[in-house]
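Chain residues, written in single-letter form:
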Amino acid sequence: MEVIRTEGASCMEGFIARAGSLTLNQDAIVFEYKDYKQFQPVSVPLVDIDKVDYFRTLSIIPNGLSVFLRSGDMIHFIVDDRKSWQDAILKAKKAKTGV
């Protein structure tokens, strides 16, 4: 599978940020935990993504990326360049689904 973008990131679980890596490919975004072997990777097919938006960690740091799913669930990631991630996810989703 072609990797479009990847970087070290964190996945928010409530107020806890768990370190790992976030990868975008032509079919999904995948988060793999770094030191938490008890957690399975989080894989979100692009077709299940409804919206991608921003949030601020600790209400002040502009590094949060929220992925809203069609199911009503949302997943929060902490990334270095959230605008580039948002653009890349939406571009890959459009290429996959036409929407």
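Since we're looking at a predicted model, the values are computed, not measured.

## Description of a nonpolar patch on the surface
A cluster of nonpolar residues, Leu-58, Ile-60 and Ile-61, forms a patch on the protein surface that exposes about 330 Å² of accessible area. For Ile-61, a relative accessible area of 36% gives the class partly exposed.

## Focus on the environment of Val-30
Note on placement: Val-30 falls in strand β3 (residues 28-33). You can call Val-30 buried: its relative accessible area is 17%. Sequence separation between Val-30 and Val-44 is 14 residues, and the spatial gap between their C-alpha atoms is 6.4 Å.

## Brief notes about the sheet that holds strand β5 (residues 49-57)
One key point about sheets: their strands pair by backbone hydrogen bonds, in either a parallel or an antiparallel sense. Strand order in the open sheet formed by seven strands is β4-β3-β2-β1-β7-β6-β5, and the pairing between neighbours is antiparallel. Two strands in the sheet have a free side with no partner beyond their single neighbour: β4 (42-45) and β5. Sheet twist, expressed as the average angle between the axes of neighbouring strands with direction ignored, equals 30 degrees. Strand direction decides the pairing type here: strand β6 (residues 61-69) and strand β7 (residues 74-78), joined by five bridges, are antiparallel. Opposite Leu-65, over in β7, you have Phe-77 as the bridge partner. Relative to the sheet, helix α1 (residues 82-97) contacts β1 (3-13), β2 (16-25), β3, β5 and β6, its axis offset from that of β5 by approximately 175 degrees.

Definitions and cut-offs
Residues numbered from 1 in each chain as written. Predicted model: local features only at pLDDT ≥ 70, side-chain atom pairs only at ≥ 80, totals over all residues. Heavy atoms only, no water. Patch = residues over 30% accessible without salt bridge, like charges linked within 9 Å, V, L, I, M, F, W, Y side chains within 5 Å. Areas by Shrake-Rupley, 256 points an atom, 1.4 Å probe, with all protein chains shown as cover. Salt bridge = Lys/Arg side-chain N within 4 Å of Asp/Glu carboxyl O. Buried < 20%, exposed > 50% of the residue type's maximum accessible area, 1.4 Å probe, protein only. Helix = DSSP H or I, 4+ residues; strand = E, 2+ residues; numbered from the N terminus. Pairing = 2+ DSSP bridges. Axes fitted to C-alpha atoms, helices over the stretch in contact; angles between N-to-C directions. Contact = heavy atoms within 4.5 Å.

Everything listed here is a matter of geometry and, on its own, says nothing about what the molecule does.
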